[in-house]
Amino acid sequence: MTLQDEELKDKVEGAALLTGGTVAGAGVSAVVGGMGLVGGFGGVAIGMAPVAAAGAVVGTAAYGAKKAIEEGDATAIGAVAGGAAAGAGVAAVVGGMGLALGGTAVAIGAAPVVAAGAVVGLAAYGLNRLFNK
C-alpha cells in the first residue's frame, strides 16, 4: 500500500467515525427527547444539535484513541490530561449541575465533567491527527 493510499484510508476512517458519532448523537436525542441542563445558572434546554455535536466529539475521540494506540503516540496522554484539567476547572467554576430528562433529573458532579473534558482533549488530538498526518 502506498503512502497516499494509507493517508486516504486514515481520512476515510476518521470521517466515518466522526459521522457515526454525529448520527448516534442525533439518534440518542430523537429517542430520549426533551433534555435540559439545570444548575445555579438556571436551566438550559438541550436540543438535537448539541447532542449530535457531542456525538461528533466522541467519534473524533475514538479516532484519536485508535491512532494513538496504533502509533504508540504518548502525546495523546497530554491532550487527555489537558482536557481533564479544563473539565476540572469548569466543574469548579460552575458547581453543582443536573441533567433533566423524561420528568426526572440526574446529578452531575465533578467526575463526569472532568471525564467529558478528557474526551474533548482526546477529540482535539484526533482532529489534529486527522488534518496533520
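Draft legend 1. Region of interest: the overall build of the chain. Tallying secondary structure elements over the chain gives four helices and four strands in all. For the chain, the sequential pattern of α-helices and β-strands runs α-β-β-α-α-β-β-α. Overall, the C-alpha framework of the chain stretches about 55 × 30 × 15 Å when taken along its three principal axes. If you take every contact in the chain between residues at least 6 apart in sequence, the share linking residues at least 24 apart comes to 74%. Separation between the mean location of the 6 positive side-chain charges and that of the 8 negative ones in the chain comes to 2 Å.

Draft legend 2. Representation of helix H4 (residues 110–131). Given a rise of 1.5 Å per residue, 22 residues ought to cover 32 Å, and the 32 Å separating the end C-alpha atoms of H4 matches this to within 8%. For H4, the set of buried residues is Val113, Gly117, Ala118, Gly121, Leu122, Ala123, Tyr125, Gly126, Arg129 and Leu130. The elements touched by buried residues of H4 are helix H1 (3–32), helix H2 (48–71), helix H3 (75–94), strand S3 (97–101) and strand S4 (104–108).

Draft legend 3. Here's a closer look at the nonpolar core. Counting six residues, the largest nonpolar core consists of Ala61, Ala68, Ala76, Leu122, Ala123 and Tyr125. Of all the elements in the fold, those that place two or more residues in this core are H2 and H4. Among residues more than four places away in sequence, those in contact with leucine 122 are Thr60, Ala61, Gly64, Ala65, Ala76, Ala79 and Val80.

Draft legend 4. Region of the structure containing the layout of surface pockets. Put simply, the largest pocket is a space of about 730 Å³. Forming the boundary of the largest pocket are 23 residues, of which Pro50, Ala54, Ile108, Pro112 and Ala116 lie nearest the centre. Put simply, the parts of the chain that give the lining of the largest pocket at least two residues each are strand S1 (35–39), H2, H3, S3 and H4. Considering every element that reaches the lining of the largest pocket, the biggest residue donor is H4, with seven residues. Taken together, the residues of the lining of the largest pocket break down into 18 nonpolar, five polar and no charged.

Definitions and cut-offs
Residues numbered from 1 in each chain as written. Predicted model: local features only at pLDDT ≥ 70, side-chain atom pairs only at ≥ 80, totals over all residues. Heavy atoms only, no water. Helix = DSSP H or I, 4+ residues; strand = E, 2+ residues; numbered from the N terminus. Contact = heavy atoms within 4.5 Å. Lys, Arg positive; Asp, Glu negative; His and termini not counted. Charge placed at Lys NZ, Arg CZ, Asp CG, Glu CD. Expected span 1.5 Å × (residues − 1). Buried < 20%, exposed > 50% of the residue type's maximum accessible area, 1.4 Å probe, protein only. Core = buried A, V, L, I, M, F, W, Y, C linked by side-chain atoms within 4.5 Å. 1 Å grid on protein atoms, 1.4 Å probe; cavity = no way out; pocket = protein on both sides within 12 Å on 5 of 7 lines; lining within 4 Å. Points joined across faces, edges and corners; volume = space filled by probe spheres on them. Nonpolar A, V, L, I, M, F, W, Y, C, P; charged D, E, K, R; others polar.

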